[in-house]
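Here is how the chains run, residue by residue.
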Amino acid sequence: MIVMVFLAVCCGSLAQGDAAASSSLQQDQEKTTEQAYHNIQVLKGLPASQLQAIMALMTGSLGVRCNYCHVNPFEKDDKPAKQTARMMMQMVFDLNKGRFGGRDAITCYTCHRGQPKPVTVVALGQNLWQSPASAGAKPEAALPSVDQVLDRYEQAIGSKPALMKITSRILKGSRVGADGVLVPEEVYQKAPNKLLVITSYPEVVFRSGFNGTSGWARSSKGDNQISNEQLAEIARDAESYGNTRIRELYSQMMVEGRTTIGDRDALMISATTHNGLSEKLFFDAQSGLLIRRYRESKTALGQFPTQTDYEDYKEVDGIKLPFAIRWSMPGRSWGRKIAEVKQNTVIDNTIFNPPDSRN
């Protein structure tokens, strides 16, 4: 589905959202779901750009694909599962409004847990009458401070002076689709905050960018309406020195604890942006490198989680860059594999403007 692919392209930015970014598509000008799509019944009145995130939440919560409820064209009501989904969404809205003061206390995932049919019988195998063994447990090591974690990170990627010498960057490689198919992708970045990403599918080319003032996204088939939050993510990804300015990007930071990501021990920092968004940053306890960012954003059906994993760090011009990036959201994941990096190359500023405003 073209719209979902476009959402994946736009959400696939390193950034985790910053409302300070201005956008070329404002929410007060955005179409509602029923204006942009056909046969919308339960989700009327919502911004059209939010519909795809809600559908992703549902597929991820039930562990199914779109065709579990839909046929082509999507507005048809041929499958009983679609009618059931409408009733379940309304039930979630009614429960949260009537029993939990409007909070997102209940979501599809509350019951389904990745299964089309919720489990209704308690699993056996847990013995609550037996105390867990605690003898011989080692005391947990003291946590480092935020400054200690970030100082080590800056040293690990090659020092701040080395990074400050980089004025532009061109990345060439492949977008790894949710289906595993690779398509060409190019990323142009210019200090301090300009970005252009070009993803070339066989039948359509997606472009997203930030020109230092506003974010935008276009496909070769015409404009695509995306949310302010997605545009703000593009703006954050445009921050050339973001990996040395982490302290400046957040109003609050705290080392929350230790965890495991894959086979790596990691230190987790909880951070709050200046406009109140919460994120979690995970740093490899051994190398000091940033290996994951996690955030949640609000939708009508609950919190929408997104995750970015940074892998395969390699040294280029004295600094380390992740040559593999993986993005995840409910029900799907995709990535980028970098094959070529050129830095301090002359880049014309006009390429960062929306195509219809370039001179």
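Every value quoted in this text rests on a predicted model; they were computed, and no experiment measured them. (Residues numbered from 1 in each chain as written. Predicted model: local features only at pLDDT ≥ 70, side-chain atom pairs only at ≥ 80, totals over all residues. Heavy atoms only, no water.)

> I keep staring at the overall build of the protein and nothing clicks. Help me out?
If you tally the helices and strands in the protein, you get nine helices and 14 strands. In the protein, buried positions account for 45% of the 359 residues. A sequence separation of at least 24 residues applies to 54% of the contacts in the protein between residues at least 6 apart. (Helix = DSSP H or I, 4+ residues; strand = E, 2+ residues; numbered from the N terminus. Buried < 20%, exposed > 50% of the residue type's maximum accessible area, 1.4 Å probe, protein only. Contact = heavy atoms within 4.5 Å.)

> Would you take a moment to explain the nonpolar core for this structure?
Soluble globular proteins tend to bury their nonpolar side chains together. Judged by nonpolar contacts, the single largest core of 59 residues is most densely connected at I269, F283 and L301. Sort the elements by how many residues they give to this core and helix α3 (residues 51-62) lands first, with seven residues. Not counting chain neighbours up to four residues away, the residues in contact with F283 comprise V149, L150, Y153, I246, D265, A266, L267, I269, G288, L289, L290 and I291. Core analysis: the second largest hydrophobic core is formed by eight residues, L196, V205, W216 and F352 among them. (Core = buried A, V, L, I, M, F, W, Y, C linked by side-chain atoms within 4.5 Å.)

> I keep staring at the pattern of salt bridges and nothing clicks. Help me out?
Oppositely charged side chains can pair when the atoms bearing their charge come close. The full count for this structure, using the stated rule, is 16 salt bridges. A salt bridge links R264 to D284; its shortest N-O distance comes to 2.7 Å. Of the two residues, R264 is situated in strand β9 (residues 264-273) and D284 in strand β10 (residues 278-284); the sequence distance between them amounts to 20 residues. On the accessibility criterion, R264 (32% relative accessible area) is partly exposed. With its nearest N and O atoms 3.6 Å apart, the salt bridge here joins R326 to D309. Here D309 lies in strand β12 (residues 302-316) and R326 lies in strand β13 (residues 319-329), a separation of 17 residues in the sequence. Of the residues examined, R326 reaches a relative accessible area of 33% and is grouped as partly exposed. Exposure remark for D309: the relative accessible area of 2% places this residue in the buried category. Via salt bridges that share partners, D147, D151, E154 and R247 belong to a single interconnected network. (Salt bridge = Lys/Arg side-chain N within 4 Å of Asp/Glu carboxyl O.)

> Before we go on, may I ask you to explain the pairing of strand β11 (residues 290-299) in this structure?
Along a regular strand, successive side chains alternate from one face of the sheet to the other. With seven of its 10 residues buried, β11 lies for the most part within the structure. Alignment of β10 against β11, held across five bridges, turns out to be antiparallel. Residue F283 lies in a different strand from β11, and its bridge partner there is L290. Hairpin connection from β10 to β11: five residues lie between these consecutive antiparallel strands, with G288 at a positive phi of about 85°. Judged from the eight bridges that link them, β11 and β12 form a sheet pairing that is antiparallel. In the sheet register, Y294 faces β12, and the bridge partner there is Q307. (Pairing = 2+ DSSP bridges.)

> I keep staring at the pairing of strand β4 (residues 194-200) and nothing clicks. Help me out?
The element β4 is largely enclosed, with a buried count of six among its seven residues. The pairing of strand β3 (residues 182-190) with β4 spans six bridges and is classified as antiparallel. What sits directly across from E186, in β4, is I198. The loop that links β3 with its antiparallel partner β4 comprises three residues. One ladder, built from six bridges, connects β4 with strand β5 (residues 205-210); its direction is antiparallel. From the neighbouring strand, V197 faces β5, where its bridge partner is S208. Hairpin connection, β4 to β5: the antiparallel pair is bridged by four residues.

In short, shape yes, function no, at least from these values alone.
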